[in-house]
Amino acid sequence: MTPATQTIVKPADQVSTAAAVDLAALKTRQKAAWSSGDYAVVGTTLQIVGEELCESLDLRSGQKVLDVAAGNGNVSLAAARRWCDVVSTDYVPSLLERGRARASADGLTFEFKEADAEALPFADGAFDVVVSTFGVMFAPNQEQAAAELLRVCKPGGKIGLANWTPEGLIGQVFKTLGKHLPPPAGAKSPALWGTRERLTDMFGAAAASIAIEPRVFNFCYRSPEHFFEVLKAYYGPILKAFAALDESRQDDLRADLTALFARTNKADDGTMVAPSEYLEVVITKR
């Protein structure tokens, strides 16, 4: 190996290491964001998405189902109602507790386990079905998270996802946040999981089929201003964004978000009904 070659290789190694450190730091910040506020206040409103995903997956009683980045358990509850053997996972313990309370209230029994979507503590092929609604898409290392979903799903099993699209309301919320607080260099947008191209890149080689259906969830609130106040108080990424900005920049972010919510609101009676596009994805593993 020539000195010139050595000079080229060493910086590349350093860049790779730096990228890994950045992903670890990003995950730490994200976990702090999702642990703040109370995502369950927003998450509970999304229950219909979990029910519809379970229908599209054609879940059957007795199937082993893993819910990854489950939050307060929307898909876990839907699968348990279909008599599946469910394990609900998240890396935020307080959200698992909210899911456990919901399961108890509904008279449902299933397992809850703290787990990182990028390092799932389960054997290869342990589950018939692996699901995630608006959860795993936020993993900093997207390729690793996708690989873990595939690893724990048995051959011939299914992976079911619901992912916000870049063009939809929540995709635009994150674009707005990025305008005021740019993400770390090299970080991939979570909304990439809401594109056909990215899904094919991550899952295509291991998939017998990938079915993608654009769907819409309607955010129904008292008004656009009410939606803003709920997100600011309870939705970790927005709560943390405001905490990081000074007063004048907070005002700018507030103006941009409330304008976005007003533009997307289709209600004409003073309330808010704002459609947000997402992709419902059913992957059958080879």
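Refer to the structure above for everything that follows.
Residues numbered from 1 in each chain as written. Predicted model: local features only at pLDDT ≥ 70, side-chain atom pairs only at ≥ 80, totals over all residues. Heavy atoms only, no water.

Lay out the sheet that holds strand 7 (residues 272-285) with the relevant residues and their values.
Pairing within the open sheet is mixed, and its seven strands lie in the order 3-2-1-4-5-7-6. Strands with a single pairing partner mark the edges of an open sheet, and in this sheet they are strand 3 (111-114) and strand 6 (207-221). Strand-to-strand twist in this sheet, taken as the mean axis angle between neighbours without regard to direction, amounts to 20°. The pairing of strand 5 (residues 153-164) with strand 7 spans seven bridges and is classified as antiparallel. (Pairing = 2+ DSSP bridges. Helix = DSSP H or I, 4+ residues; strand = E, 2+ residues; numbered from the N terminus. Axes fitted to C-alpha atoms, helices over the stretch in contact; angles between N-to-C directions.)

Describe empty space enclosed by the protein, and please don't skip the residues or the numbers.
All told, the structure shown has four cavities of 30 Å³ or more when counted by the stated rule. In this model, the largest cavity occupies a volume close to 320 Å³. Lining the largest cavity are 26 residues, and of these W34, A69, D90, Y91 and G135 lie nearest its centre. For the lining of the largest cavity, the secondary-structure elements that each account for two or more residues are helix 1 (3-35) and helix 2 (39-43). Broken down by element, the residue count for the lining of the largest cavity peaks at three residues, all from helix 1. The residue makeup of the lining of the largest cavity, split by class, is 15 nonpolar, seven polar and four charged. Here the second largest cavity is characterised by a volume of approximately 90 Å³. In terms of lining, the second largest cavity is formed by W34, Y39, V42, L46, F134, F138, W164, I170, V173, F219, L231 and Y235. Those elements that place two or more of their residues in the lining of the second largest cavity are helix 2 and helix 7 (169-180). Grouping the amino acids of the lining of the second largest cavity by side-chain chemistry returns twelve nonpolar, no polar and no charged. (1 Å grid on protein atoms, 1.4 Å probe; cavity = no way out; pocket = protein on both sides within 12 Å on 5 of 7 lines; lining within 4 Å. Points joined across faces, edges and corners; volume = space filled by probe spheres on them. Nonpolar A, V, L, I, M, F, W, Y, C, P; charged D, E, K, R; others polar.)

Lay out the nonpolar core with the relevant residues and their values.
Of all hydrophobic cores here, the largest spans 65 residues; its most connected members are L161, W193, F203 and F219. With six residues, strand 7 is the single largest residue contributor to this core. Aside from chain neighbours lying at most four places away, what touches F203 is A146, L149, L150, I159, L161, W193, I210 and I283. In this structure, A80, C84, L108 and V129 belong to the second largest nonpolar core, which totals 20 residues. (Core = buried A, V, L, I, M, F, W, Y, C linked by side-chain atoms within 4.5 Å. Buried < 20%, exposed > 50% of the residue type's maximum accessible area, 1.4 Å probe, protein only. Contact = heavy atoms within 4.5 Å.)

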